[in-house]
Amino acid sequence: AGTMDTYKKDNFLYRAIQSIGFGVYDMTDPLNPVTVHEHEYDAPGDYPYGVYADENYIYLCDVDVEKIYIHQNGGDFSELGQINNINSDRVATKENLLYTSEGSIYDISDPANPLGIFGHSYTGGTSNGEMKIVGEHLLISEGGHASWSNPRAHVFDISDYQNVELIASFDNDQPSYGIDLVGGRIYVAFGSQGTTGSVEVYDLQCDGDGVYLWGECYSIENTTELVLENSGLTGPIPPEIGNLTNLTKLYIDYNQLTGSIPSEIGNLT
C-alpha cells in the first residue's frame, strides 16, 4: 500500500500506510529492514496521513475520520488513546506536549485523556510538509503547491508553550516539504514534482554572548556545566562547544556522538 508519510527515530522508521494504518521497521541494517509491527485500523473511510514517534508513543494522524491515534511505542504497540474531531495532517511532541498542524496544543501526560490547552499563541500549520522539534524550536515546512502564498516554512520558539513566538519565516517560489536544524544552521528544502528545487541554508544566531549547541543557546560567560546525558544527541560534537571557556563540567554520556572534545574548552573535571 502507498506510504503517505515517514518519520525516523534512532534506528526505527515509522510510516503512515494509505487507507490502512501504520508500520514500524528496524533499519539497523538498511539493506535488510525488519518489520517490527504493522497495524490496520479497518475503519470505514479512514485515511492515515501523518506519523510521528517519541520515546513513549506513536501518533497517527487520520485525516478522513478526523482522529489522532496514540499508540504505545514498543511492547504490543497497543492503542492508548485518541484525539477526536481534529483534521491534523502532522504532529510533533516536546515532553508531554503535542503540537498539531491545526494550530493546537494538547497535554498528553495521560494519553488516554489528552487535554486541549487554551490561551496559547501557537498558530503553526502544514498540509503535507514536515513538523519537527529540535531543542526549543518547532520547525514547520508547509508543503502544498507552488500557487500557495508565502511564506513557505517557519521556525517557532516553544520554550514557553503559552507564549509561542514565530522567530523566522522563509519565502520561495516553490513549496517547502523539508526543514531541519543542525549545528546552528537551518536547512529548508524547496521544490515540487517536475521542477528544479533548492536547499537554502540559514544561520541561527544567539543573542549577545552565546553559543548555539544542540538546539539551544548557551551563554559563554554563565555556562559552567552542561548536563545532557541520554538526550538523544547524534553526530559529531560541535566545535563551537570550545567557545564555552568557563565550562567545568560536561555530561554527555549515553548519546550517539562522534569525535572528541575540543581542546579550547574550559577546565573540565
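Everything below is about the structure shown above.
Just so you know, these numbers come straight off a predicted model, no measurement behind them.

Caption draft 1: Highlighting the pairing of strand 7 (residues 67–72). Relative to strand 7, strand 6 (residues 57–62) is paired through six bridges, and the arrangement is antiparallel. What sits directly across from Leu-60, in strand 7, is Tyr-69. If you look at the hairpin formed by strand 6 and strand 7, you'll find four residues sitting between the two strands, and Glu-66 has a positive phi there, around 55 degrees. Pairing of strand 7 with strand 8 (residues 79–84) involves five bridges; the strand directions are antiparallel. Pairing of Ile-68 across the sheet is with Ile-83, part of strand 8. Taken together, strand 7 and the strand that follows it, strand 8, pair antiparallel across an intervening segment of six residues, in which Gly-74 is found at a positive phi of about 120 degrees.

Caption draft 2: Representation of the sheet that holds strand 7. Strand order in the open sheet made by the four strands is 5-6-7-8, with antiparallel pairing throughout. Bordering the open sheet on either side are strand 5 (48–53) and strand 8, each of which pairs with just one other strand. With direction set aside, neighbouring strand axes in the sheet form an average angle of 20 degrees.

Caption draft 3: Geometry of the environment of Asn-255. Among the structural elements, Asn-255 can be located in the loop between strand 24 (249–251) and strand 25 (256–258). Using a relative accessible area of 18% as the deciding quantity, one classes Asn-255 as buried. For the pair Asn-255 and Gly-232, spaced 23 residues apart in sequence, the C-alpha to C-alpha distance is 5.6 Å. Residues contacting Asn-255, with those up to four places away along its chain left out, are Leu-228, Glu-229, Asn-230, Ser-231, Gly-232 and Leu-233. A distance of 2.9 Å separates a polar atom in the side chain of Asn-255 from the backbone nitrogen of Ser-231. In terms of polar contacts, Asn-255 uses its side chain to reach the backbone carbonyl oxygen of Ile-252, at 3.0 Å.

Caption draft 4: The packing of aromatic side chains, seen in detail. Under the defined criterion, the tally for this structure stands at nine aromatic pairs. Here Tyr-7 and Tyr-52 contribute two aromatic rings whose centre-to-centre distance is 4.5 Å and whose plane-to-plane angle is 40 degrees, an arrangement assigned as tilted. Of the two residues, Tyr-7 sits in strand 1 (residues 3–9) while Tyr-52 sits in strand 5, which places them 45 residues apart along the sequence. For the pair Tyr-7 and Tyr-52, a shared accessibility class is recorded, and that class is buried. Taking 4.0 Å as the distance between ring centres and 20 degrees as the angle between the ring planes, the aromatic pair formed by Tyr-41 and Tyr-69 counts as stacked. You can see Tyr-41 sitting in the loop between strand 4 (34–40) and strand 5 and its partner Tyr-69 sitting in strand 7, a full 28 residues away along the chain. The pair Tyr-41 / Tyr-69 is uniform in exposure class, with both members buried. Of the aromatic side chains, those joined through ring pairs into one cluster are Tyr-7, Tyr-52, Tyr-57 and Tyr-59.

Caption draft 5: The sheet that holds strand 3 (residues 21–26), seen in detail. Taken in spatial order, the four strands of this open sheet run 1-2-3-4, and their pairing is antiparallel. The strands lining the two open edges of the sheet, one partner per strand, are strand 1 and strand 4. Sheet twist, expressed as the mean angle between neighbouring strand axes with direction ignored, is 15 degrees.

Caption draft 6: Region of interest: the pattern of salt bridges. Counting across every chain of the model gives eight salt bridges. Residues Glu-55 and Lys-9 are paired through a salt bridge, measuring 3.0 Å at the closest nitrogen-oxygen approach. In this pair, Glu-55 is assigned in the loop between strand 5 and strand 6 and Lys-9 in strand 1, connecting sequence segments 46 residues apart. Judged by its relative accessible area of 56%, Glu-55 is exposed.

What counts, and where the lines are drawn
Once a new chain begins, its residue numbering starts again from 1 and follows that chain's sequence as written. Reporting in this predicted model follows two pLDDT cut-offs: at least 70 for local features of residues, and 80 or more for side-chain atom pairs to be given and counted; totals over whole chains, interfaces and linings ignore these cut-offs and use all residues. The basis for every side-chain value is the complete set of heavy atoms in the structure, and neither hydrogens nor water enter the calculation. One bridge is not enough; two strands pair if DSSP finds at least two bridges between them. Helix and strand definitions follow DSSP, with helices as H or I runs of at least four residues and strands as E runs of at least two, each counted in order from the N terminus. Note on geometry: axes are lines fitted to C-alpha atoms, helical ones only across the stretch in contact, with angles between N-to-C directions running from 0 to 180 degrees. For the exposure calls, accessible area comes from a 1.4 Å probe over protein chains only, and a residue counts as buried if that area is under 20% of its type's maximum, exposed if over 50%, partly exposed in between. Residue contacts are counted whenever heavy atoms from the two residues lie within 4.5 Å of one another. Side-chain atoms alone can form a polar contact between residues adjacent in sequence; in general such a contact is a pair of N or O atoms within 3.5 Å, and within protein one must be able to donate a hydrogen while the other accepts it. Stacked, edge-to-face and tilted labels apply to pairs of Phe, Tyr and Trp rings (six-membered ring for Trp) whose centres lie within 6.5 Å, assigned for plane angles under 30 degrees, over 60, and everything in between, in that order. By definition, a salt bridge exists where a carboxyl oxygen of Asp or Glu is found within 4 Å of a side-chain nitrogen of Lys or Arg.

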